[in-house]
Amino acid sequence: MSITKKEEMKTDKKSLSKLFYFIEDIMTIVVRNNADKSSNKKLNKIFECLGEANIKLKSYFKRVFHYSKHDVKSLIYALAIIDKLILQELIVVNRLNMHSVILTALLLSFKFLEDSPYTNKVYSLILGINLDVLNIFEKEMLEALGYKIFIKEEDFMKYVKY
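Now for a description of the structure that goes with this document. Small disclaimer: the values here were computed from a predicted structure and weren't measured.

**Some words on the overall build of the protein**
The secondary structure content of the protein amounts to eight helices and zero strands. Going from N to C terminus, the protein has its helices and strands arranged as α-α-α-α-α-α-α-α. Against the globule reference of 15 Å for 162 residues, the protein gives a C-alpha radius of gyration of 15 Å, in line with a compact fold. Dimensions of the protein, computed from C-alpha atoms along their principal axes, come out at roughly 40 × 30 × 30 Å. Taking all 162 residues of the protein together, the buried fraction comes to 46%.

**Side note on the packing of aromatic side chains**
Applying the stated criterion across every chain, the model contains nine aromatic pairs. Ring centres of Phe47 and Phe137 lie 4.5 Å apart, and the angle between their planes is 35°; on these two criteria the pair is classed as tilted. A residue pair is termed long-range when its members are at least 10 positions apart, and Phe47 in helix α2 (residues 42-47) and Phe137 in helix α7 (residues 131-144) qualify at 90 residues. Residue classification places Phe137 among the buried positions, given a relative accessible area of 1%.

**Regarding helix α5 (residues 98-113)**
In a regular helix each residue adds 1.5 Å, so 16 residues correspond to 22 Å; α5 covers 22 Å between its end C-alpha atoms and thus fits that length. Most of α5 is tucked away, with 14 of its 16 residues classed as buried.

**Examining the packing of helix α4 (residues 72-87) against helix α8 (residues 153-161)**
Taken N-terminus to C-terminus, the directions of α4 and α8 make an angle of 110°; their axes are 10 Å apart at the nearest point. Put simply, α4 runs roughly perpendicular to α8. α8 is crossed by α4, and the crossing has right-handed handedness. Facing Lys73, Ile76, Tyr77, Leu79, Ala80 and Asp83 of α4, the residues of α8 in contact are Phe156, Tyr159 and Val160. Taken together, the residues of the contact of α4 with α8 sort by class into seven nonpolar, no polar and two charged.

**Details of the nonpolar core**
If you look at the biggest cluster of nonpolar residues, it comprises 49 residues, and the most contacted ones within it are Phe61, Leu106, Leu127 and Met141. Looking at this core, the elements with two or more residues in it are α1 (13-33), α2, α3 (57-67), α4, α5, α6 (120-127) and α7.

**Here's the deal with unusual backbone geometry**
Notably, Glu89 is not glycine yet its phi reads approximately 55°, a positive angle. With respect to the helices and strands, Glu89 occurs in the loop between α4 and α5. One non-glycine residue, Tyr147, adopts positive backbone phi at about 60°. Position of Tyr147 relative to the elements: it lies in the loop between α7 and α8.

**Remarks on the pattern of salt bridges**
This model, assessed by the stated rule, comprises five salt bridges. When the shortest N-O distance is used, the salt bridge between Lys158 and Asp155 registers 3.6 Å. A residue pair is termed a helical-turn pair when its members lie 3 or 4 positions apart in one helix, as Lys158 and Asp155 do in helix α8 at three residues. Overlapping salt bridges bring together Lys139, Glu140 and Glu143 as one network.

**Quick word on α4**
Between the first and last C-alpha of α4 there are 23 Å, a value that for 16 residues agrees with the 22 Å anticipated at 1.5 Å per step. Most of α4 sits inside the fold, with 13 of its 16 residues counted as buried. Directly beyond the C-terminal end of α4, a positive phi value near 55° is found at Glu89.

**A word on the side chain of Asp71**
When you line up the elements, Asp71 lands in the loop between α3 and α4. The charged side chain of Asp71 is buried without a salt bridge, its nearest counter-charge being Lys73 at 4.4 Å. In this structure the side chain of Asp71 is engaged in a polar contact, spanning 3.1 Å, whose partner is the backbone nitrogen of Lys73.

Thresholds applied
Residues numbered from 1 in each chain as written. Predicted model: local features only at pLDDT ≥ 70, side-chain atom pairs only at ≥ 80, totals over all residues. Heavy atoms only, no water. Helix = DSSP H or I, 4+ residues; strand = E, 2+ residues; numbered from the N terminus. Rg over C-alpha atoms; globule rule 2.2 N^0.38 Å. Buried < 20%, exposed > 50% of the residue type's maximum accessible area, 1.4 Å probe, protein only. Phe/Tyr/Trp six-rings, centres within 6.5 Å; stacked < 30°, edge-to-face > 60°. Expected span 1.5 Å × (residues − 1). Axes fitted to C-alpha atoms, helices over the stretch in contact; angles between N-to-C directions. Parallel < 35°, antiparallel > 145°, perpendicular 65-115°, else oblique. Left-handed = near helix turned anticlockwise from the far one by under 90°. Contact = heavy atoms within 4.5 Å. Nonpolar A, V, L, I, M, F, W, Y, C, P; charged D, E, K, R; others polar. Core = buried A, V, L, I, M, F, W, Y, C linked by side-chain atoms within 4.5 Å. Salt bridge = Lys/Arg side-chain N within 4 Å of Asp/Glu carboxyl O. Lys, Arg positive; Asp, Glu negative; His and termini not counted. Polar contact = N/O pair within 3.5 Å; in protein donor to acceptor, adjacent residues only side chain to side chain.

Have a look at this one:
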């Protein structure tokens, strides 16, 4: 399966819900492991501006995928982008920036995988964030990654199998 083709990963609601819980658990572990780490990284300062979100990740994912045309492939690709940020030590994901990092990685994955993505104005409504803030987050994440958000298919498949 090519990750850039229009093939959708077939996922029933029960499997999708399990995936949302699984990702929430992973991110909770990441945040817990980073609880004692402070960071002066530029991305941390930018993405912490909104503070801690008051919505659980699984609920947030349900909302995003309910209102968007995207499939689970976008979510997995977003996780690969986040992992790239972490592995390159560009950010320390914590409770203050977790949702901002996830929503921005989702935006990048939506745009990368879709032939005709929504405008950022529409994405700001779907993702539940101010348009100006979303634009800043997108720009900063892209710049931090050197505009290199491509994930090799074999690397993507590792996330799918996990």
